[in-house]
Amino acid sequence: MERRAITIVGIVQGVGFRPYVYRLASQFALYGFVKNNSGDVEIEVEGDLQNLDRFCAELPRDPPPLARIERLSWTPRPPRGELDFRIEGSESVKSGPIFFSPDVATCDDCLREMNDPLDRRYLYPFLNCTNCGPRLTIIKGAPYDRARTTMADFPMCAACRAEYEDPANRRFHAQPIACRVCGPQLEFRGDASGEPLRAFADSLQAGKIGALKGLGGYHLLCLANADSTVRELRRRKERDAKPFALMVRDLASADLLCEIDTLERELLTSPGRPVVLLRRRPDSDVAADVAPGNPMLGVMLPYTPLHHLLFRELGNVPLVMTSGNRSDEPIAYDDADAIKRLADIADVFLMHDRPIHIRCDDSVTRVVDGFELPLRRSRGYAPQPLRLPFSVPVPILAVGSQLKATFALGIDLHAFLSHHLGDLDHYEALRAFQHDITLYETLFALDPVLLACDLHPNYASSRYARERGKPLLTIQHHHAHMASCMADNGLKEFVIGVSFDGTGYGTDGAVWGGEFLIGDYRQFQRAAHFVYVGMPGADQAIREPWRMALAHLHHAEAPNVLEGRIPSQALRIATTMLERELNTPKTSSAGRLFDAVSALLGLRDQVDYEGQAAIELEWLATRTPRCGSYDYNVESGEALVIDTRPMIREIAREVVRKTPVAVVARRFHSTLVEIIADVCGRLRNSTELDRVVLSGGVFLNALLTREVCERLKNDGFDVYRHRQVPPGDGGLSLGQLAIAAHQMS
């Protein structure tokens, strides 16, 4: 007889891991116990040496679906002569990093029970098991036990208690376990009558706008094929053009709306159930105002029992399923706040009494060139850890950016990225940011020794970091983008970093955004960038792209093709600002260059949401095959400077000649591909580096990303792009964390 103490680190709590260990130990006639502590699973087993070896070999081979083993180790112990194997209660002893599962879509087993008239959970909207259901959004503390979740106020009935305590049951220690007798209940608020779900469905079918409480907050929804209702939702929500997400009943329904490839199908049906951007079919049965002028639709499948039951009532009809907020405010998740904030948007409410502790928006992703490209990493993904290519020596907190905010905690080989927290311009988003940092630090039992923030002095995240009063490292925005892509791909070597976005504070005080960097996590050199151009009106130039068009025309000494379209007085004032450099910061931004070209072509003089002008330019370009490119110059100096004036002059001439705008948009994209390949080639000649990482929000552009990767690979480069975190500011905290970790080591 021998005995071993085994420690397993990873996502091994709340996912059915202890019952799995219990069954395996019974299979190999081993005795001892298994228990959780706040950081891992502890096992002690004794028995025949051969069976112990087989047990240890089998443990990592077929764990429960949601489990993720990061590390398994064991040490010998003296045998105790035990005669049974038991599951012991949790302890709060911290022995390593703590891991939590994200919220997970309803599993097939639970769906079968929900649809079985003979099952006691028939049509119950809150059933779950250890393989599915809420996790992050209900957690209050560690270790992950019911008493430290928002289910603590729902005492289990005898039947649920029996399942919860039975190691052979799928719901053994499923912390959100519930049934119609003891669990959460629905509540309907509106002018319809009857059972809550039926009343809500009837209201939607009658053309009403509804507010539905989900896993991480409220959604606003209506029938997606009801033109007038979708228009009214846009009016009430104050969301003029930004696309709405859709939810459809199943894959067959998604197929009716969109073209879907194999990987897109996998993403749609994955446990995370993100919103997936898909190519819409010309005859898709959705209102035009769901995604005005957009060739893509953001589609997701049901991920809670309540969603499935709603479609059972409504049938095979697509639903608009957009965040429960007004314009760009944070999503509502507290019941009283939701009623207050959404009362003049939603006609009816379908609520329930299971509290949400952490608000969590839907994740958004797409497939580009055969690989996933995340746009927003949130519900279903966070807080699943990312494995780093190096160790974080002490606990570090990286607080990310101002827009699309996330934060990251790091220790050992792991980075724990938060869910999406929105734009910190909004006070409520900032409050959530501060609240959730405190919660994550408590959950993961990490007290940061060092904080990392953006170089921009006025970001709310940077102010928060300074106010913590701990050692602080400020990190240049585009260096963090480069490092984020490196960490995403497990790189440690020097690389060429192409960091293209809209706005980032440069080391010279200018607005950077079209940058070629050389470096690693410790250091970087600005090796090349787009030529500086003024931003007349500063931030106003972001909201009104015609200002950037004027700035580029003025800089290129090109004819003002905006005359007659933009009011003459506005043009005169902006021109004066450019000439006198009044409220006109300099920028090298690739994002602002996209804005300028979009306005030159008459696509978008004002934007309703961030990136709209660039997105519409991309849509236009995808309609035309490659048809040449424009001229540009590269000037030598301390850093190479890409002079875009020849391109702007040619585009102005194309506008005068009335060249089809799709052709101009396509040539512009091809020119950017040429510029990136040209500059990377020059930098390889001078540095002998052949690894290129692509980061920054501009690389959410599928056409540009696909063709840049193709061209650079053909030129002999190893090319890396984001696959786990967004290339935009939603992934910035990962780069900050990686840089700070290397500084500490």
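Preceding this paragraph is the structure being described.
Computed from a prediction, not measured in an experiment: that's the story for all the values here.

Student: What is the right way to look at the overall build of the protein in this model?
Tutor: Along the backbone of the protein there are 22 helices and 29 strands. At 27 Å, the protein has a C-alpha radius of gyration in line with the 27 Å of a compact globule built from 745 residues. Along the longest, intermediate and shortest principal axes, the C-alpha atoms of the protein span 90 × 65 × 45 Å. A burial count over the protein gives 62% of its 745 residues as buried. Pairs at least 24 residues apart make up 71% of the contacts formed inside the protein by residues separated by at least 6 positions. Here the protein has roughly 27,300 Å² of accessible surface; of this, 48% comes from carbon and sulfur atoms.

Student: What's the story with the nonpolar core in this structure? I'm lost.
Tutor: The tendency in soluble globular proteins is for nonpolar side chains to be buried as a group. Formed by 102 residues in total, the largest nonpolar core has its most connected members in Ile 43, Phe 55 and Leu 310. Take this core: its biggest share by element is 8 residues, from helix α11 (residues 427–443). Excluding its chain neighbours within four sequence positions, the residues that come into contact with Phe 55 are Ile 6, Val 21, Leu 24, Ala 25, Phe 28, Leu 30, Ile 43 and Val 45. Within the second largest apolar cluster, 67 residues are counted, among which are Ile 651, Leu 704, Val 708 and Cys 709.

Student: Please clarify how the sheet that holds strand β5 (residues 85–87) should be interpreted in this entry.
Tutor: Either a parallel or an antiparallel arrangement is found when strands of a sheet pair, and the pairing is made through backbone hydrogen bonds. Taken in spatial order, the 5 strands make up an open sheet running β4-β1-β3-β2-β5, and their pairing is mixed. Unpaired on one side and paired on the other, β4 (68–77) and β5 mark the two borders of the sheet. Each strand of the sheet is rotated relative to its neighbour by a mean of 15°, with strand direction disregarded. As judged from the 7 bridges shared by strand β1 (residues 2–11) and strand β3 (residues 41–47), these two strands associate in the antiparallel manner. Looking at β3, one finds that Arg 3 is bridged to Glu 46. Those strands touched by helix α1 (residues 17–27) are β1, β2 (31–36), β3, β4 and β5, and its axis lies near 175° from that of β5. Running at roughly 5° to β1, helix α2 (residues 49–58) makes contact with β1, β3 and β4 of the sheet.

Student: Looking at this model, I keep getting lost on the layout of surface pockets. Mind explaining?
Tutor: Remark: the empty space left among the atoms is shown by a probe the size of a water molecule rolled over them. Here the second largest pocket defines a volume of roughly 430 Å³. Arg 68, Pro 102, Gly 380, Tyr 381 and Gln 384 are the residues nearest the centre of the second largest pocket, which is lined by 22 residues in total. Along the lines of polarity and charge, the residues of the lining of the second largest pocket split into 11 nonpolar, 6 polar and 5 charged.

Student: Which parts of the structure should I look at to understand the packing of aromatic side chains?
Tutor: The description of an aromatic ring pair uses the distance of the two centres, along with the angle that the planes make with each other. What the rule picks out here adds up to 15 aromatic pairs. Between Phe 407 and Phe 433, the aromatic rings sit 6.1 Å apart at their centres with planes inclined by 80°, giving edge-to-face as the arrangement. Highlighted residues: Phe 407 in the loop between β17 (386–398) and β18 (408–417) and Phe 433 in helix α11, separated in sequence by 26 residues. For the pair Phe 407 and Phe 433, one class covers both residues: buried. For the ring pair Phe 500 and Phe 699, a centre distance of 5.7 Å and an interplane angle of 25° mean the geometry is stacked. Of the two residues, Phe 500 sits in strand β21 (residues 495–505) while Phe 699 sits in the loop between β28 (691–695) and α21 (702–714), which places them 199 residues apart along the sequence. Comparing Phe 500 with Phe 699 shows no difference in burial state: the two are buried. Connected via pairs of aromatic rings, a cluster forms that spans Phe 99, Phe 100, Phe 407, Phe 416, Phe 433, Tyr 440, Phe 444 and Tyr 464. One Lys or Arg, Arg 234, reaches over the ring of Phe 244 and ends 4.1 Å from the middle of that ring.

Student: Would you mind going over the sheet that holds strand β20 (residues 472–475) with me for this structure?
Tutor: Pairing within the open sheet is mixed, and its 4 strands lie in the order β18-β17-β19-β20. One side of each edge strand has no neighbouring strand; the edge strands of this open sheet are β18 and β20. With strand direction ignored, the average angle separating the axes of adjacent strands in the sheet is 55°. Sheet analysis places strand β19 (residues 450–454) next to β20, joined by 4 bridges and oriented parallel. Note on β20: the bridge partner recorded for Ala 452 is Leu 473. Against the sheet, helix α12 (residues 460–467) engages β17, β19 and β20, with an angle of about 155° to β19. Packing against the sheet, helix α22 (residues 732–744) makes contact with β17, β18, β19 and β20, and its axis sits at approximately 80° to β17.

Student: Looking at this structure, I do not really get the state of the cysteines. What am I missing?
Tutor: Where two cysteines share a covalent bond between their sulfur atoms, that bond is called a disulfide. Taken as a whole, this structure holds 0 disulfides when the rule is applied. Cys 485 takes part in no disulfide bond, and the closest cysteine sulfur, belonging to Cys 709, lies 9.2 Å away. For Cys 485, a relative accessible area of 0% translates into the label buried.

Reading the values: rules and limits
Every chain is numbered on its own, with residues counted from 1 as its sequence reads. Given that the model is predicted, a residue must reach a pLDDT of at least 70 before its local features are reported, and side-chain atom pairs must reach 80 or more before they are shown or counted; all residues, however, enter totals for whole chains, interfaces and linings. Hydrogen atoms and water are omitted, and side-chain values are computed over all heavy atoms in the structure. In this text, helices come from DSSP runs of H or I with a minimum length of four residues, and strands from runs of E with a minimum of two, each type numbered from the N-terminal end. As defined in this context, the radius of gyration uses C-alpha atoms, and a globule is described by 2.2 Å times the residue total to the power 0.38. Exposure categories follow from relative accessible area, calculated using a 1.4 Å probe and restricted to protein chains: below 20% of the type maximum is buried, above 50% is exposed, and the middle band is partly exposed. The criterion used for residue contact is that any of the two residues' heavy atoms lie within 4.5 Å. What sets the accessible areas is the Shrake-Rupley method with a 1.4 Å probe; for residues, cover comes only from the shown protein chains. Note on terminology: a nonpolar core comprises buried Ala, Val, Leu, Ile, Met, Phe, Trp, Tyr and Cys residues joined through side-chain atoms within 4.5 Å. One bridge is not enough; two strands pair if DSSP finds at least two bridges between them. To define axes, lines are fitted to C-alpha atoms, for helices over the stretch in contact only, and angles between the resulting N-to-C directions are given on a 0 to 180 degree scale. As defined here, a cavity is a set of points on a 1 Å grid over the protein atoms alone where a 1.4 Å probe fits but cannot get out. A pocket is an open set with protein on both sides within 12 Å along at least five of seven lines, and residues line them when an atom is within 4 Å of a point. Grid points are joined across faces, edges and corners, and a volume is the space filled by probe spheres set on the points. Note that Gly is not counted as nonpolar here; it falls among the polar residues with everything else outside the nonpolar set of Ala, Val, Leu, Ile, Met, Phe, Trp, Tyr, Cys and Pro and the charged set of Asp, Glu, Lys and Arg. Here is the rule: rings of Phe, Tyr and Trp (six-membered ring for Trp) pair when centre to centre is within 6.5 Å. Planes less than 30 degrees apart are stacked, more than 60 are edge-to-face, and the remainder are tilted. Should the NZ of a Lys or the CZ of an Arg lie within 6 Å of a ring centre and within 35 degrees of the ring normal, that charge is described as sitting over the ring. Two cysteine sulfurs form what is called a disulfide whenever their separation falls within 2.5 Å.

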